[in-house]
Amino acid sequence: MKPNFIQKVTNWGNFPVVEKEMKSEDSFRKIKEFVLNHNEVIARGNGRCYGDASLGEHIFSTKKLNKFISFDRLNGIIECESGVLLSEVLEISVPQGYFLYVTPGTKFVSVGGAIASDVHGKNHHAEGCFSEYVIEFKLMNESGDIMTCSREENSDKFWATIGGMGLTGIILTAKFKLKNIESAYIRQESIKAENLDEIFRLFDESESWTYTVAWIDCLQKGKDIGRSILMRGEHAFQHELPDHLKKNPLRLKGKFEPTVPFYFPNFVLNSLTVKIFNLLYYKKQAKKEVKNFIDYETFFYPLDAVHEWNRIYGKSGFIQYQMVIPKETGKEGMKKILETIAHSGNGSFLAVLKLFGKNNPQAYNSFPVEGYTLALDFKVNSKLKKLVDKLDEIVQEFGGRIYLTKDSMSRSSLTNYLKNIQNPKFVSLQHKRIINNN
Amino acid sequence: MIVLGSTSEVAQAFVEKALQEGEKFEKIYLFTSNKETAERFARHIDVKFVQQSEIIELDLTREIDYTTFDNINSNVLFCATGYLGEGTEEGLYDNKNTEKIIHINYSKLVPVMNYFAQKFESRRSGTIIGLSSVAGDRGRQSNFIYGSAKAAFTAYLSGLRNYLFDKKVHVLTIKPGFMATKMTEGLPLNPKLTATPKQAATCIYKAYKKQKNVAYVLPIWAVIMMIIRNIPEFIFKKLKL
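Notes on the structure in this doc start here. (Residues numbered from 1 in each chain as written. Chains lettered and ligands numbered in written order. Predicted model: local features only at pLDDT ≥ 70, side-chain atom pairs only at ≥ 80, totals over all residues. Heavy atoms only, no water.)

### Some words on the overall build of chain B
- Helix and strand content of chain B: nine helices and nine strands.
- Over its C-alpha atoms chain B spans a radius of gyration of 18 Å, differing by no more than 12% from the 18 Å that the globule rule assigns to 241 residues.
- Taken along the three principal axes of its C-alpha coordinates, chain B extends 55 × 35 × 35 Å.
- When the 241 residues of chain B are sorted by exposure, 52% land in the buried category.
- Here chain B has roughly 11900 Å² of accessible surface; of this, 53% comes from carbon and sulfur atoms.
- In chain B, the 32 positive side-chain charges and the 24 negative ones have mean positions that sit 9 Å from each other. (Helix = DSSP H or I, 4+ residues; strand = E, 2+ residues; numbered from the N terminus. Rg over C-alpha atoms; globule rule 2.2 N^0.38 Å. Buried < 20%, exposed > 50% of the residue type's maximum accessible area, 1.4 Å probe, protein only. Areas by Shrake-Rupley, 256 points an atom, 1.4 Å probe, with all protein chains shown as cover. Lys, Arg positive; Asp, Glu negative; His and termini not counted. Charge placed at Lys NZ, Arg CZ, Asp CG, Glu CD.)

### Here's the deal with the overall build of chain A
- If you tally the helices and strands in chain A, you get 13 helices and 18 strands.
- Computed over C-alpha atoms, the radius of gyration of chain A comes to 21 Å, within 12% of the 22 Å expected from 2.2 N^0.38 for 438 residues, which places it in the range of a compact globule.
- For chain A, the spread of C-alpha atoms along the principal axes amounts to about 60 × 55 × 45 Å.
- Considering only intrachain contacts with a sequence separation of at least 6, the fraction spanning at least 24 residues in chain A is 74%. (Contact = heavy atoms within 4.5 Å.)

### Let's talk about the packing of helix α1 (residues 9–20) of chain B against helix α2 (residues 35–49) of chain B
All names here are of chain B.
- Running from N to C, α1 and α2 point in directions that differ by 15 degrees, and their axes come no closer than 12 Å. Here α1 is positioned roughly parallel relative to α2, judged by the angle of their axes. As α1 runs across α2, the sense of the crossing is right-handed. Counting all contacts with α1, which are made through Gln-12, Val-15, Glu-16, Leu-19 and Gln-20, the residues of α2 involved are Thr-37, Phe-41, His-44, Ile-45, Lys-48 and Phe-49.
- Across the contact of α1 with α2, the residue classes tally to five nonpolar, four polar and two charged. (Axes fitted to C-alpha atoms, helices over the stretch in contact; angles between N-to-C directions. Parallel < 35°, antiparallel > 145°, perpendicular 65-115°, else oblique. Left-handed = near helix turned anticlockwise from the far one by under 90°. Nonpolar A, V, L, I, M, F, W, Y, C, P; charged D, E, K, R; others polar.)

### Remarks on the sheet that holds strand β4 (residues 76–79) of chain B
Residues and elements named next belong to chain B.
- Strand order in the open sheet formed by seven strands is β3-β2-β1-β4-β5-β6-β9, and the pairing between neighbours is parallel. Since the sheet does not close on itself, it has two edges, and those belong to β3 (53–57) and β9 (214–216), each with one partner. Mean inter-strand twist for the sheet, computed between neighbouring axes without regard to direction, equals 15 degrees.
- Across four bridges, the pairing between β4 and strand β5 (residues 127–131) is parallel. Residue Phe-78 lies in a different strand from β5, and its bridge partner there is Ile-129. (Pairing = 2+ DSSP bridges.)

### So, the state of the cysteines
Residue and element names in this part refer to chain A.
- All told, the structure shown has zero disulfides over all chains when counted by the stated rule.
- The thiol of Cys-80 is not disulfide-bonded; the next cysteine sulfur, from Cys-149, is found 16 Å away.
- We classify Cys-80 as buried; its relative accessible area is 0%. (Disulfide = S-S within 2.5 Å.)

### Details of the packing of helix α4 (residues 95–107) of chain B against helix α5 (residues 109–123) of chain B
All names here are of chain B.
- Where α4 meets α5, the closest approach of the two axes is 5 Å, and the angle between their N-to-C directions is 15 degrees. Accordingly, the angle class assigned to the pair α4 and α5 is roughly parallel. Along its contact with α4, which presents His-103, Ile-104, Asn-105, Tyr-106 and Ser-107, the element α5 presents Leu-109, Val-110 and Pro-111.
- Taken together, the residues that form the contact of α4 with α5 break down as five nonpolar, three polar and no charged.

### Description of the sheet that holds strand β4 (residues 58–61) of chain A
Residue and element names in this part refer to chain A.
- An order of β1-β2-β4-β3 is seen for the four strands of this open sheet, with the pairing classed as mixed. With one partner strand each, in any of the chains shown, β1 (6–10) and β3 (41–44) form the two edges of the open sheet. Between one strand and the next, the sheet's axes are offset by a mean angle of 50 degrees, whatever the strand orientation.
- As paired strands, strand β2 (residues 17–24) and β4 are joined by four bridges and run parallel to one another. Across the sheet, residue Glu-21 finds its bridge partner in β4, namely His-58.
- Strand contacts of helix α1 (residues 28–37): β2, β3 and β4, with the helix running at about 165 degrees to β4, the strand carrying the most contacts.

### Thoughts on the side chain of Ser-61 of chain A
All names here are of chain A.
- Residue position: Ser-61 is located in strand β4.
- Polar contacts involving the side chain of Ser-61 include one to the main-chain amide nitrogen of Lys-63, which spans 3.2 Å.
- Beyond its immediate sequence surroundings of up to four residues, Ser-61 is in contact with Met-22, Lys-23, Ser-24, Glu-25, Arg-44 and Gly-45. (Polar contact = N/O pair within 3.5 Å; in protein donor to acceptor, adjacent residues only side chain to side chain.)

### Regarding a nonpolar patch on the surface
- Side chains of Phe-234, Ile-235, Leu-239 and Leu-241 of chain B sit close together on the surface and give an oily, nonpolar patch of about 340 Å² of accessible area.
- On the secondary structure map, Phe-234 of chain B appears in helix α9 (residues 233–236). (Patch = residues over 30% accessible without salt bridge, like charges linked within 9 Å, V, L, I, M, F, W, Y side chains within 5 Å. Salt bridge = Lys/Arg side-chain N within 4 Å of Asp/Glu carboxyl O.)

### Here's the deal with the interface of chain A and chain B
- Each partner contributes residues to the interface: chain A has 22 residues there, and chain B has 19 residues.
- Interface area for chain A against chain B, summed over the two sides, is near 1800 Å², with a carbon-plus-sulfur share of 49%.
- Where chain A meets chain B, there are three salt bridges.
- Glu-185 of chain B is paired through a salt bridge with Lys-64 of chain A; the nearest N and O atoms lie 3.2 Å apart.
- Summed over the shared surface of chain A and chain B, the result is nine residue pairs in polar contact (both at pLDDT 80 or more).
- For the side of chain A that touches chain B, the elements supplying multiple residues, two or more each, are β2, β5 (68–72) and α2 (86–93) of chain A.
- It is β5 of chain A that contributes the most residues to the side of chain A that touches chain B, four residues altogether. (Buried area = accessible area lost by both parts, 1.4 Å probe.)

### Details of the nonpolar core
- By size, the foremost hydrophobic cluster in this structure holds 69 residues, and its most contacted members are Val-89, Phe-99, Leu-100, Ile-115, Phe-130, Phe-137 and Phe-176 of chain A.
- Residues in contact with Phe-176 of chain A, not counting those within four places in the same chain, are Gly-76, Ile-77, Ile-78, Cys-80, Val-89, Leu-100, Val-111, Phe-130, Tyr-133, Val-134 and Ile-135 of chain A.
- Within the second largest apolar cluster, 41 residues are counted, among which are Ala-11, Ala-18, Phe-25 and Tyr-208 of chain B. (Core = buried A, V, L, I, M, F, W, Y, C linked by side-chain atoms within 4.5 Å.)

### A short note on empty space enclosed by the protein
All names here are of chain A.
- All told, the structure shown has three cavities of 30 Å³ or more when counted by the stated rule.
- Considered as a void within the structure, the largest cavity measures approximately 40 Å³ in volume.
- Lining of the largest cavity is provided by Ile-319, Gln-320, Tyr-321, Gln-322, Ile-402, Lys-406, Asp-407, Ser-408, Met-409 and Ser-410.
- Sorting elements by how many residues they give to the lining of the largest cavity places strand β15 (residues 318–326) first, with four residues.
- Split by residue class, the lining of the largest cavity holds four nonpolar, four polar and two charged. (1 Å grid on protein atoms, 1.4 Å probe; cavity = no way out; pocket = protein on both sides within 12 Å on 5 of 7 lines; lining within 4 Å. Points joined across faces, edges and corners; volume = space filled by probe spheres on them.)

So, in structure tokens, the structure goes:
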């Protein structure tokens, strides 16, 4: 049996699915061989981006670059290979009183992916993107040479790679800072908002909170448009915790984590079931305001508790549509977007609203700019492209852009914002799609 | 812990599993012919578990200087050394390939195992875990050089278990079946029959704790191999397995 590295590959949205070469190596010498022997190479971490960003003709999987290199426990600086997952970082760091400065809504992304996407979290307005805390990384370029990139060394490559979607080379290792925590718990407040005006007001009022995010029921129309629940949180200090958590504040008990056993049939998710889900979710919280302490897993990664939840969308898969609209016109734009979705009847199971703070102009390839961002899931079906077109039109009208990490079908004028990445060696299917549509 | 073949993904997953379960080792001795990969792992377990380790170069295709192992002592030996070599069609009549398969899987490996077995015997405690293969259960046309070496290794472990029984040393034989590792990367393996290194490590750790004698990594393989072993030879020889 001769090995055959051509295989079916797809990312978290299960759309699109391609048959391409995918290989993984753990020695830099062999990775260099792979880079030199192929044209159109793209690195792929844990495949947790949604669309076609990490798919390409020759995929280099960083799964085997999964080792830690060093951990300075005094200063909270960790160095690891790029295929290490954020979950693995947390496993070591939390018991020792350190947390990620910035984390996306899943802990199952690789460190390399977090840099290439320059991920953001619920604290963007307060603490920026992942890149703010990256000290340096090693990048393999098109000639197979390994460059150390930091703010001082090869800084042009450093900034181009941040948010650069893997188009500048293969990230091999990274060193980044962690933040001190006293407990593995979050002091949380959840507040119900009747409509869009109220939720926007709540965001403004919550500016001093480190973490804010809102779940939004995107099927509501008329005066109820924007019905939502705002969640804001802070890392809890040990002394604040209730007595039963005080004893072992940095350790969480193991929890039951179910797995979705198969792809759900197509009829399971439809506008009615989404409506019922949204209603139950909104009504679950009886009071207007709830204050409590919850563990960091539940606060940051509620969906990670259900493994392979992407299967509920069935075999045809789903897309995540995340856009940002600049602050000045953000409210108006959001309203238009929500109205369009409600009228399309194409419900989103999970709609998340967030206010981005100022962006770092040096990280010019990063997605976030100051304004409102909304992330929505849509099941792939025959009507979806039309809806995406309509939404794209609104985003365009209000001067917004689309998050490349989640994109798989948006128009190129909203997705071609990357600069200084032209490199014939490193090419993704997404990049080709965007360029060809220009 | 002494680890032979320490760059094997299963060996590394087993070391991590044991450390996660709270096992303590004064030192982990990482034997390998690939220093670079072993060094990565040594740093990794130091960061993750604050576990000290030492790398010892061991190339089973060369002359071995046993005196360099004099000071190495432990209560657990994990042997994941293995070499699949080229499959039958490409490599059957290639002498170098045949020799290498037999050396790494059996002939050069057994003296090393014996060297440490003797230390275990004199201390009258410990566990020796050997990764053999389902390929050793019956010779099949697709990889019988490898299979025959693994069959010999299985027999060696079985005899060693018998010999060390009243010396209070336990020997565990693992037969992994398909595993998603470097050895099999790119081969079209049925996912239902294939274990990840992590799954394998969990199984092996359980078998180690329960002091099992022989364990298949996925239980299905015990059934498959029972069937394969019991097919009458006059039929078996005609099959394309």
